[in-house]
Amino acid sequence: MRILSGLILVVLMITTLPLSLAQSPEAMAAYQLGDYQRALALALADETEDSLAFAARAILAEGIGAEPADMDKERLATAAQYAERALELNSNHDEARLQLAIVLSLQARAKAARPAYRARLGQRARALGEAVAQETPGNAYAHGFLAVWHVEVIRRGGRLGALFLSASMSEAKAHYGIAADLSPSDAALHWQWARALAATNPRKHAAEIEAALDRVEAAMPGDQLSQVLKARAQRFRQASADLSADEIRQMAAALL
């Protein structure tokens, strides 16, 4: 059960899901500039499933973009409320399901193993991601979520945890391959894959980590949060050159 105490910190869907065309130009501009409170206020002026899912996204993006990152219980609870309200209006809303999956994963990480398991937080997060991937196979970010989910389960739980939750590196790589094909220049997607692999086994996955970081370097971030994550990836790459495998693993596990 140890695996469930440390389930995934996945931010790539926060940063890379396409901004809903239903949002006003003002809300989208505020989000892209990193003015998340204004983006939130503008979104909440319109109580649609799109705007509520966007509100959840803005709250989470504000937390991940902070230095240091701020993912406290209140933030997660508020984001969950907006995502759940969006799902009450449309139970198949892709972004709402993925934002809720992120929240559930973060809530699982903050709990001890048994309470997280009893609440089925990690399992519910995976189910939401898989539902989107199955129903909308062209959604790169559902596949990216699942790729990191599998790696993090393996990292935290080892062989027994992976067996228990049916996680596998082959599935992780398959999902990442799909996501990368669908969104090849997405800095956040490639950074999260590199970070997850580095936190698991930086020597074994060295070539894949370097390839993902190369893609991050070549990416052109389209908003403030993506710029923040690209800069983090660059700092990680520079720092890891002088670190041992254990130090790289610890650094990657601590980053978002």
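Position labels on residues start from 1 in each chain and follow its written sequence. Confidence filtering applies because this is a predicted model: local features only for residues at pLDDT of at least 70, side-chain atom pairs given and counted only at 80 or more, and all residues used for totals across whole chains, interfaces and linings. Remark: hydrogens and water are excluded; side-chain values derive from all non-hydrogen atoms of the structure.

Which parts of the structure should I look at to understand the side chain of Ser-240?
Examined against the element boundaries, Ser-240 turns out to sit in helix H13 (residues 224-240). Polar contacts involving the side chain of Ser-240 include one to the main-chain carbonyl oxygen of Arg-237, which spans 3.0 Å. Residue contacts follow a heavy-atom distance rule, with two residues in contact if any of their heavy atoms lie within 4.5 Å. The contacts of Ser-240, once residues within four sequence positions are left out, are Ile-248 and Met-251. Secondary structure elements are defined from DSSP: runs of H or I of at least 4 residues count as helices, runs of E of at least 2 residues count as strands, and each element is numbered from the N terminus. Here a polar contact is taken to be a pair of N or O atoms separated by no more than 3.5 Å, where protein atoms must pair a possible hydrogen donor with a possible acceptor and residues adjacent in sequence count only if both atoms sit in side chains.

Which parts of the structure should I look at to understand helix H11 (residues 187-200)?
One full turn of an α-helix is made of 3.6 residues, so residues set three or four places apart face in the same direction. Residue count minus one, scaled by 1.5 Å, sets the expected span of a helix. In this model, H11 (14 residues) spans 20 Å end to end at C-alpha, consistent with the 20 Å of a helix rising 1.5 Å per residue. Only protein chains enter the area calculation, which uses a 1.4 Å probe; residues under 20% of their type maximum are buried, those over 50% are exposed, and those in between are partly exposed. Among the 14 residues in H11, 14 count as buried, and that is most of the element. The residue sitting at the N-terminus of H11 and contributing the capping side-chain oxygen is Asp-186; that oxygen lies 3.2 Å from the backbone nitrogen of Ala-188.

Is there a simple way to think about the packing of aromatic side chains in this case?
In this description, a pair of aromatic rings is defined by centroid distance and the angle of the planes. Only Phe, Tyr and Trp rings take part, Trp by its six-membered ring, and two of them pair if their centres are within 6.5 Å. Stacked means planes under 30 degrees apart, edge-to-face means over 60, and tilted covers everything else. Following the criterion strictly, the structure yields four aromatic pairs and no others. Ring geometry for Tyr-31 against Tyr-36: centres 5.4 Å apart, planes inclined by 75°, an arrangement best described as edge-to-face. Of the two residues, Tyr-31 and Tyr-36, neither departs from the other in class, the shared state being buried. On the basis of an interplanar angle of 50° and a centroid distance of 5.7 Å, the ring pair of Tyr-31 and Phe-54 is categorised as tilted. Of this pair, Tyr-31 sits in helix H2 (residues 25-33) while Phe-54 sits in helix H4 (residues 49-65), and the two are 23 residues apart along the sequence. Phe-54 carries the same exposure label as Tyr-31, and that label is buried. Members of the aromatic cluster, each reached through a chain of ring pairs, are Tyr-31, Tyr-36 and Phe-54.

Whenever I open this one, the layout of surface pockets confuses me. Can you help?
Rolled over the atoms, a probe as big as a water molecule pinpoints where empty space is left. Note on definitions: the grid is 1 Å and covers protein atoms alone; a cavity is a set of points where a 1.4 Å probe fits but cannot get out; a pocket is an open set with protein on both sides within 12 Å along at least five of seven lines; lining residues have an atom within 4 Å of a point. Grid points are joined across faces, edges and corners, and a volume is the space filled by probe spheres set on the points. Computed from the structure, the largest pocket encloses a volume of approximately 300 Å³. For the largest pocket, the lining is made up of 13 residues, of which Met-71, Leu-76, Leu-106, Gln-107 and Ala-110 are closest to its centre. The element contributing the most residues to the lining of the largest pocket is helix H6 (residues 94-110), with four residues. Three categories are distinguished: nonpolar for Ala, Val, Leu, Ile, Met, Phe, Trp, Tyr, Cys and Pro, charged for Asp, Glu, Lys and Arg, and polar for the others, with Gly belonging to the last. Tallied by class, residues from the lining of the largest pocket come to eight nonpolar, one polar and four charged.

Help me out: how do you make sense of the nonpolar core in this one?
The nonpolar side chains of a soluble globular protein tend to be buried, and buried together. In this text, buried Ala, Val, Leu, Ile, Met, Phe, Trp, Tyr and Cys residues form a nonpolar core when linked through side-chain atoms within 4.5 Å. Counting 78 residues, the largest nonpolar core has Tyr-31 and Trp-193 as its most contacted members. The biggest single contributor to this core is helix H9 (residues 140-165), with 11 residues. Apart from residues no more than four positions distant in its own chain, Trp-193 is found in contact with Ala-147, Val-148, Val-151, Ala-172, Lys-173, Tyr-176 and Ala-212.

Quick question: what am I supposed to make of the pattern of salt bridges here?
For side chains bearing opposite charge, pairing can occur when the charged atoms are close. The working definition used for a salt bridge is a side-chain nitrogen of Lys or Arg within 4 Å of a carboxyl oxygen of Asp or Glu. Applying the stated rule across the entire model yields 14 salt bridges. For Arg-195, the salt bridge is made with Glu-152, and the minimal N-O distance between the two is 3.1 Å. Of the two residues, Arg-195 sits in helix H11 while Glu-152 sits in helix H9, which places them 43 residues apart along the sequence. Comparing Arg-195 with Glu-152 shows no difference in burial state: the two are buried. One salt bridge in this structure joins Arg-249 and Asp-246, with 2.5 Å as the shortest N-O distance. Linking Arg-249 with Asp-246, this pair stays in helix H14 (residues 245-254), spanning three residues, or about one helical turn. In this structure Asp-246 comes out as partly exposed when scored by relative accessible area, which is 46%. A single salt-bridge network, built from bridges that share partners, covers Glu-62, Asp-70 and Arg-75.

Is there a simple way to explain the side chain of Glu-152 in this structure?
Here Glu-152 falls in the buried class, since its relative accessible area comes to 2%. Side chain to side chain, Glu-152 and Arg-155 meet in a polar contact 2.8 Å long.

In short, shape yes, function no, at least from these values alone.
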